[in-house]
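Now for the letters of each chain:
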Amino acid sequence: MTLASQAEISKEIEAAQAEYQAGLAAGQPEQTQPRLDYAPYRSSVLRHPTKNPKLVDPETIELWSPAYGERDVSPLEADLTIQHSGEPQGERMVVTGRVLDGDGRPVRNQLVEIWQANAGGRYIHQRDQHPAPLDPNFTGAGRCITNDNGEYRFTTIKPGAYPWRNHINAWRPAHIHFSLFGNAFTQRIVTQMYFPGDPLFPLDPIYQSIADQKARDRLVATYDHDLTTPEWSLGYRWDIVLTGPQRTWTEPEGDEL
Amino acid sequence: MSKLVGTPGQTVGPFFHYGMPFLGGPQIAEPHSPGAIVLTGRVLDGEGQPIPDAMVEIWQRDADGSIPRARSVLRRENQMFSNPVHRESHGFTGFGRAATDDHGVYRFWTVNPGAGDDGSAPFFAAIVFARGLLNKLHTRIYLPENADALGADPLLSVLTDDERATMVATRDERGWLHHDIRLQGDGETVFLAFN
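Residues numbered from 1 in each chain as written. Chains lettered and ligands numbered in written order. Predicted model: local features only at pLDDT ≥ 70, side-chain atom pairs only at ≥ 80, totals over all residues. Heavy atoms only, no water.

Applicable threshold: UniProt positions are given in the numbering used here, feature names are shortened, and annotations may be inferred rather than shown by experiment.
If you look chain B up in an unreviewed UniProt entry, it shows as Protocatechuate 3,4-dioxygenase subunit alpha from Ruicaihuangia caeni. The UniProt entry for chain B carries the following text under Sequence similarities (unreviewed entry): "Belongs to the intradiol ring-cleavage dioxygenase family."

Chain A has the name Protocatechuate 3,4-dioxygenase subunit beta in an unreviewed UniProt entry, where Ruicaihuangia caeni is given as its organism. What UniProt states about chain A under its Sequence similarities (unreviewed entry) heading is, verbatim, "Belongs to the intradiol ring-cleavage dioxygenase family."

What follows is the structure, given as C-alpha cells:
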C-alpha cells in the first residue's frame, strides 16, 4: 500500500472538519468523542463498526466496577523515574489531577494506569523500532489508586514525539496513555493526555479524530507553575471526567481494609 | 443528566503491552479449579483477519449472581521493579484483562456468571480496545443456556437473529465458551451505548 503524504492526510482532516462544521451549522449535535470511522487514521479503516451502537439500559453489573483500595498498588508505582538504578534522561515532570464523574463528584479508590514513550520518543516495546535510543533507566509504565478527593499523581519524564507509519513523515504529538475506571463499568475509558501548544496537533489524525475543538482541548494538560518544584520538576495538571450511567451515588464506605 | 462533558477516549495504540497487561489478568478463576471454565475467541477485522493487538476486558457477576467486591491487589515480588506486576486477590474479583495473541485470540479462565435476583439472562460485560480502534467498544457475551431468560432479555429480544448470534457464546463439550468479536463486516458484533 502506498503511503499518503502529510499534505494528503491534512486535506482529509480538513475535509472532515469542514463537514463537521457544516453539520453543526445545520443543527447537528457536537461530537465530544472520537469518530470511529476516521480514514485519515489508516488503521481504523477495517477496525471500526459500520452499524450504530444499540442503545440499552445498563444491567446492574454494568453499573458497578471492579473494586480497589488505596493500598492495592504500591505508592512507588506512581513514580516512573525510580524504577531503575539510575536517573532517566529527559525533563522530569509531575502530572496530577482529579478524576470526576459527570456531576463533578470525585471518583475515589479507582485504578489509574499510564504508559508512555521515553524522552527520545521511544517505547520499550519490540514493535517500536524507530532509531531513537532506549533509556536503560526508563520503562514508562505506572499506576496508582485515586485518593479520597479523586486525585491521582505521577512523577515521570516528559515523553518525546515519535514517528509512525500512518503516512509519510507522520509524527505523533507527545502524549501519555491513560487508562481509567469509573464508579461503573459504563464509565471505563482509555485515552491519551497531550501537552499544551504542541505544533503537531493539526497534523495528527488520532487527535483530530475528535471533531470538536472544545472536546480535543479536554485532552490537553495545563502547565501549572504552582506544581513545578524548584531545581527538580515541571508540573502539569489534567482533570478527567468519566460520564456514563452509574448507580445512585452514596457517601463512600471508607477504606475497607 | 450529566453536568460535565466526558473526557474523550483515544485509541489504546500499538504499545500497550508493557503498560496494561499484568500477570494473572486473564485468570479470574484458578485454571482447572472446580467450576472454572475458559472463555475464548478471536477479535477480527472487517476482512475477517485476526487482530493481534487488541485487548479484551470482562466484568461479571460471581457464579452465585453476586456483584464481586473482592479487590485486585497489583504488586511486584519483593517490590522489585525488575519483577512483573501480578495480581493477588482474595476472593472473586469478577474482572479480567487479556491482550490478544498473534492469532487474534483472547482467553480467560473464569466461572459462569450467575443470574441476578430478577432471573435475567447472565452475561459477561465486555469492552474491546485495539490499535486502529479510536475508542472503546462495549458489548455483552451471554451464556447460551436458558432460552427463556435469553428470550425475555430486554436487549436480545429486540435484536434480529443474526444480531443476537453475535452476543451469545457457544459452549463446547468441556463446558468452555467460545465467542468471536467482529469489529466490522459480516457478522459484525452488536456494540452498545448506554442510556
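**Concerning the packing of aromatic side chains**
Here is the rule: In summary, the pairing rule links any two rings of Phe, Tyr or Trp, Trp by its six-membered ring, whose centres are within 6.5 Å, and it sorts them by plane angle into stacked for under 30 degrees, edge-to-face for over 60 and tilted for everything else. The rule for a charge over a ring is simple: NZ of Lys or CZ of Arg within 6 Å of the ring centre, and within 35 degrees of the ring normal.
Tallied over the full model, the rule gives 20 aromatic pairs over all chains. Among the aromatic residues, those joined into a ring-pair cluster are Tyr123 and Tyr162 of chain A together with Phe15 and Tyr18 of chain B. Taking the ring centre of phenylalanine 181 of chain A as reference, the NZ or CZ of arginine 188 of chain A above it sits at 4.0 Å. When the ring centre of tryptophan 176 of chain B is taken as reference, the NZ or CZ atom of arginine 174 of chain B above it lies at 3.7 Å.

**Things to note about the side chain of glutamine 192 of chain A**
Going by this rule: The helix count covers DSSP runs of H or I at least four residues long, the strand count covers runs of E at least two residues long, and both are numbered beginning at the N terminus. Only protein chains enter the area calculation, which uses a 1.4 Å probe; residues under 20% of their type maximum are buried, those over 50% are exposed, and those in between are partly exposed. What qualifies as a polar contact is a pair of N or O atoms within 3.5 Å, subject to a donor-acceptor requirement within protein and to the restriction that residues adjacent in sequence count only when both atoms come from side chains. We call two residues in contact when some of their heavy atoms are within 4.5 Å.
Mapped onto the fold, glutamine 192 of chain A is located in strand 9 (residues 189-194). Glutamine 192 of chain A sits in the buried class, given a relative accessible area of 0%. Reaching out from glutamine 192 of chain A, the side chain makes a polar contact with the side chain of tyrosine 194 of chain A at a distance of 3.2 Å. A polar atom in the side chain of glutamine 192 of chain A sits 3.0 Å from the backbone oxygen of threonine 11 of chain B. Sequence-distant contacts of glutamine 192 of chain A, that is, excluding residues within four places in its chain, are made with Arg172, His175, Ile176, His177, Ile206, Leu219 and Trp238 of chain A together with Gln10 and Thr11 of chain B.

**What to know about empty space enclosed by the protein**
All names here are of chain A. Going by this rule: The way it works is a 1 Å grid over only the protein atoms, where trapped points that fit a 1.4 Å probe form a cavity and open points with protein on both sides within 12 Å along at least five of seven lines form a pocket, and then any residue with an atom within 4 Å of a point lines it. Grid points are joined across faces, edges and corners, and a volume is the space filled by probe spheres set on the points. Gly is placed with the polar residues, together with every amino acid not listed as nonpolar (Ala, Val, Leu, Ile, Met, Phe, Trp, Tyr, Cys and Pro) or charged (Asp, Glu, Lys and Arg).
Overall, the coordinates contain two cavities of 30 Å³ or more when judged by the stated rule. Considering only enclosed or pocket space, the largest cavity measures out at about 50 Å³ in volume. Split into classes, the residues belonging to the lining of the largest cavity amount to six nonpolar, three polar and two charged. Of the pockets and cavities examined, the second largest cavity occupies roughly 40 Å³. Forming the boundary of the second largest cavity are Ile13, Ala16, Gln17, Tyr20, Arg35, Tyr38, Gln208, Ser209 and Ala211. Its residues assigned to classes, the lining of the second largest cavity comprises five nonpolar, three polar and one charged.

**Topic: the UniProt feature "domain: Intradiol ring-cleavage dioxygenases" (unreviewed entry) in chain A**
When the UniProt feature table is mapped onto this chain numbering, "domain: Intradiol ring-cleavage dioxygenases" (unreviewed entry) sits at residues 95-123 of chain A. Its end C-alpha atoms 19 Å apart, residues 95-123 of chain A is made of 0% helix and 45% strand.

**Examining the interface of chain A and chain B**
So the rule is basically this: Every case where a carboxyl oxygen of Asp or Glu lies within 4 Å of a side-chain nitrogen of Lys or Arg is listed as a salt bridge. When DSSP finds at least two bridges between two strands, those strands are taken to pair.
In this assembly, 87 residues from chain A lie in contact with 71 residues from chain B. Our enumeration of links across chain A and chain B arrives at nine salt bridges. In this structure, the salt-bridge partner of glutamate 59 of chain A is arginine 61 of chain B, at a minimum N-O distance of 3.1 Å. Taken together, the links from chain A to chain B amount to 43 residue pairs in polar contact (both at pLDDT 80 or more). Of all the secondary structure elements, the ones that give two or more residues to the side of chain A that touches chain B are strand 1 (54-56), strand 2 (92-101), strand 3 (111-116), strand 4 (141-145), strand 8 (175-180), strand 9, helix 2 (205-208) and strand 12 (240-242) of chain A. Per-class residue counts for the side of chain A that touches chain B are 42 nonpolar, 25 polar and 20 charged. Direction of pairing for strand 1 of chain A relative to strand 12 (residues 192-194) of chain B: parallel, over a ladder of three bridges. Looking at strand 12 of chain B, one finds that valine 56 of chain A is bridged to phenylalanine 194 of chain B.

**Side note on the sheet that holds strand 3 of chain A**
Residues and elements named next belong to chain A. Put simply, the test is: Only the contacting stretch of a helix is used when fitting its axis, a line to C-alpha atoms as for every element, and angles between N-to-C directions run 0 to 180 degrees.
If you walk across this open sheet you meet the four strands as 4-3-8-9, and the pairing is antiparallel. Unpaired on one side and paired on the other, strand 4 and strand 9 mark the two borders of the sheet. With strand direction ignored, the average angle separating the axes of adjacent strands in the sheet is 20°. Sheet analysis places strand 8 next to strand 9, joined by six bridges and oriented antiparallel. Bridging from a neighbouring strand, histidine 177 pairs with glutamine 192 of strand 9.

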